[in-house]
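# Working through the structure, step by step
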Amino acid sequence: MKFHQAKMTDQPSVVVWGSGNPRREFLSADDCADACVYLAKKYSSDETINIGVEEDITIRELALLIKETTKYEGNITFDSSKPDGTPRKMLDITKLRSTGWEAKISLVDGLKMAYDDYVSRLQERA
């Protein structure tokens, strides 16, 4: 939303909290739902199983992907006076992988789908 609004109002930069160095893992809601249905049918253990992609990127890389997805042409400023949070958040999906399930939607494709949906909903409200 920040990048879209900055693009639409010709803002020279978008501020992102923190240094941009922490790493995060992203899973699309559609892939999460798919994994839940898959596991309901295939997984019968009482042990907890993590659902994820076991790939992460920095917040800086994510901000650049969002900038590209929204076609925002301004700058990204990282406000290191704001907290970074946990340095890394990524799940161990060894058990999930052993069942044969894997995510189908890449982060790039997921961002594009989410952004297209966001813009579409804005246009419906206008």
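Going by the structure above, here's the rest.
Since the structure is predicted, the reported quantities are computational estimates derived from the model, not experimental observations.

Summed over all chains, the structure comprises 7 salt bridges. For Lys-104, the salt bridge is made with Asp-34, and the minimal N-O distance between the two is 3.0 Å. Of this pair, Lys-104 sits in the loop between α4 (94–99) and α5 (107–125) while Asp-34 sits in helix α2 (residues 29–42), placing them 70 residues apart in sequence. By relative accessible area, which is 61% here, Lys-104 ends up exposed. Salt bridges here are not isolated pairs; linked through shared partners, they connect Arg-23, Asp-56 and Arg-88.

This brings us to the sheet that holds strand β3 (residues 57–58). Spatial ordering of the open sheet is given by β3-β2-β5, a layout of 3 strands whose pairing is mixed. Both edges of this open sheet fall to β3 and β5 (88–89), since each of them pairs with a single strand only. Here 2 bridges tie strand β2 (residues 23–24) to β5, and the two strands are oriented parallel to one another. Residue pairing in the sheet places Arg-23 in a bridge with Arg-88 of β5.

Rules behind the numbers
Residues numbered from 1 in each chain as written. Predicted model: local features only at pLDDT ≥ 70, side-chain atom pairs only at ≥ 80, totals over all residues. Heavy atoms only, no water. Salt bridge = Lys/Arg side-chain N within 4 Å of Asp/Glu carboxyl O. Helix = DSSP H or I, 4+ residues; strand = E, 2+ residues; numbered from the N terminus. Buried < 20%, exposed > 50% of the residue type's maximum accessible area, 1.4 Å probe, protein only. Pairing = 2+ DSSP bridges.

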